Amino acid sequence: GKEIPGQASLVFDVVLLDLHNPKDGIVIENQVVPESCERRSQAGDFLRYHYNGTLLDGTLFDSSYSRNHTYDTYVGKGYVIAGMDEGLLGVCTGERRRIIIPPHLGYGEEGRGKIPGSAVLIFDIHVVDFHNPSDSVGITVNYRPSNCTVLSKKGDYLKYHYNASLLDGTLLDSTHSLGKTYNIVLGSGQVVVGMDMGLQDMCVGERRTVVIPPHLGYGEDGVEGEVPGSAVLVFDIELLELVSGLPEGYMFVWNGEVSPNLFEEIDQNHDGEVLLEEFSEYIQAQVDSGKGKLAPGFDFEKIVKNMFTNQDRDGNGKVTAEEFKLKDQEAKEEHDEL
């Protein structure tokens with residue numbers, strides 16, 4: 001045409017941006033692999049990882065670090081480009097690897113955003129953690145006293161110390177820094193489900209590590225400013241004190257025989273009606289004398305009010321002899337009805 005004369009010698013100054021073959025697969029270059037790798041990722045796992053994405057010439061097109069947030073996804077299920085889906089399989093928590101992805105396993109001939117068409121992509125990734133939705137709580141006992149006969153169970157009042165961290169070792173919280181124990185009633189919903197599970201069957205003085213997947217912890221949302229979303233949590237726990245709870249469904253039990261004239265004893269003014277104040281004073285006296293025991297770890301007034309409300313069947317603020325029944329009497333009546 002007009003631009004190139006006939007018989008002209010041509011000079012091309014070329015910069016090779018990248019090259020690939022349609023038969024190419026991904027290339028994985030391991031950079032840091034932790035010595036301790038108890039498990040590697042597999043299809044169906046949910047990964048949290050950081051990455052820098054560049055072209056072959058080093059041009060940066062994206063980075064999770066710039067957003068100060070991990071990229072979170074299932075792997076092996078088609079949620080990310082095919083090359084990344086494959087490259088994220090078989091990784092360890094804490095691993096760093098480079099994944100080189102040809103365009104037919106990346107964004108193809110059209111590209112996307114800052115990524116040119118037919119570009120070879122390089123992802124430098126750092127795996128923060130991963131879990132599987134089928135995972136349960138992981139428990140490792142680090143120390144158990146030789147005298148370990150009384151084990152924690154649902155309803156027990158526990159006092160314990162803990163250090164909470166992410167799988168990469170980032171410290172989230174510690175009772176040691178606060179100078180006081182964390183106190184709960186086991187199985188009452190005062191902690192996340194995974195912690196309720198992890199504190200079962202412990203004896204005083206025992207130390208264990210509890211690993212909690214997010215669906216048994218703080219879920220996809222996490223706790224703003226404290227726990228990242230979808231994070232696997234690690235708790236190093238030491239149980240310091242255990243107060244045995246009551247049988248399930250009970251808020252108060254007798255330590256001895258129950259008086260046959262119980263209602264009359266509670267009805268201090270003998271008017272045939274028991275008010276909340278009379279009921280509360282009587283229960284307090286039984287606890288103080290050791291004749292009765294309240295469920296440990298709960299507020300006294302709330303428990304007593306709950307007990308009184310259960311007896312006040314017509315809800316008029318008074319309990320009569322006809323309304324008053326012990327727990328075992330109620331259970332027997334229900335059984336008889338059945």
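Small disclaimer: the values here were computed from a predicted structure and weren't measured. (Residues numbered from 1 in each chain as written. Predicted model: local features only at pLDDT ≥ 70, side-chain atom pairs only at ≥ 80, totals over all residues. Heavy atoms only, no water.)

Regarding its fold elements, the protein chain presents 7 helices and 16 strands. Here the protein chain holds 338 residues, and 38% of them are scored as buried. Taking all contacts inside the protein chain whose residues are at least 6 apart in sequence as the whole, residues at least 24 apart take part in 68%. Just so you have it, the protein chain exposes about 19900 Å², and 49% of that area is on carbon and sulfur atoms. (Helix = DSSP H or I, 4+ residues; strand = E, 2+ residues; numbered from the N terminus. Buried < 20%, exposed > 50% of the residue type's maximum accessible area, 1.4 Å probe, protein only. Contact = heavy atoms within 4.5 Å. Areas by Shrake-Rupley, 256 points an atom, 1.4 Å probe, with all protein chains shown as cover.)

With that settled, consider the state of the cysteines. This structure, assessed with the given rule, holds 2 disulfides. Between C37 and C92 runs a disulfide, and the two sulfur atoms are separated by 1.9 Å. The sign of the -95 degrees torsion about the S-S bond sets the C37-C92 disulfide as left-handed. Here C37, found in the loop between β1 (27-32) and β2 (46-55), pairs with C92, found in the loop between α1 (82-87) and β5 (96-101); they are 55 residues apart in sequence, far enough to count as distant. The partly exposed category is assigned to C37, whose relative accessible area is 27%. On the basis of relative accessible area, C92 is assigned to the buried category, the value being 0%. A sulfur-sulfur separation of 2.2 Å characterises the disulfide bridge that pairs C148 with C203. Torsion about the S-S bond of the C148 and C203 cystine: about -110 degrees, corresponding to left-handed handedness. Of the two residues, C148 sits in the loop between β7 (138-143) and β8 (157-166) while C203 sits in the loop between α3 (193-198) and β11 (207-212), which places them 55 residues apart along the sequence. As far as burial versus exposure is concerned, C148 and C203 are alike and both buried. (Disulfide = S-S within 2.5 Å.)

With that out of the way, let us pick up the UniProt feature "domain: PPIase FKBP-type" (unreviewed entry) in the protein chain. Under the local residue numbering, the UniProt record ascribes the feature "domain: PPIase FKBP-type" (unreviewed entry) to residues 44-131 and 155-243. Secondary structure over residues 44-131 splits into 7% helix and 40% strand, and the C-alpha atoms at its two ends are 9 Å apart. (UniProt positions renumbered as here; feature names shortened; annotations may be inferred.)

A few words now on the UniProt feature "domain: EF-hand" (unreviewed entry) in the protein chain. Within this numbering scheme, the UniProt entry marks residues 254-289 and 299-334 as carrying the feature "domain: EF-hand" (unreviewed entry). Secondary structure over residues 254-289 splits into 53% helix and 8% strand, and the C-alpha atoms at its two ends are 11 Å apart.

Time to look at the environment of H131. Its location among the elements puts H131 in strand β6 (residues 121-131). Separated by 89 residues in sequence, H131 and Q42 place their C-alpha atoms 9.6 Å apart. Setting aside its immediate chain neighbours within four residues, H131 contacts R39, D45, F46, P213, P214, H215, S230 and V232.

Leaving glycine out, the prevailing phi sign among residues is negative, and the prevailing peptide bond configuration is trans. The phi torsion at D201 lies on the positive side, around 60 degrees, for a residue other than glycine. As for its position among the elements, D201 is in the loop between α3 and β11. According to the relative accessible area criterion, D201 is partly exposed, its value standing at 45%. Phi is positive for S230, which is not a glycine, with a value near 60 degrees. Judged by relative accessible area, which is 6%, S230 ranks as buried.

With that settled, the discussion passes to the nonpolar core. Membership of the largest hydrophobic core comes to 23 residues, with the highest contact counts inside it found for L158, Y160, M195, L199, I212, F235 and I237. Sorting the residues of this core by element identifies β8, β11 and β12 (233-243) as the ones contributing at least two each. Apart from residues lying up to four places away in sequence, F235 is in contact with Y162, N163, A164, M195, R208, T209, V210 and I212. Counting 22 residues, the second-largest nonpolar core is a separate cluster that includes L47, F61, L105 and F123. (Core = buried A, V, L, I, M, F, W, Y, C linked by side-chain atoms within 4.5 Å.)

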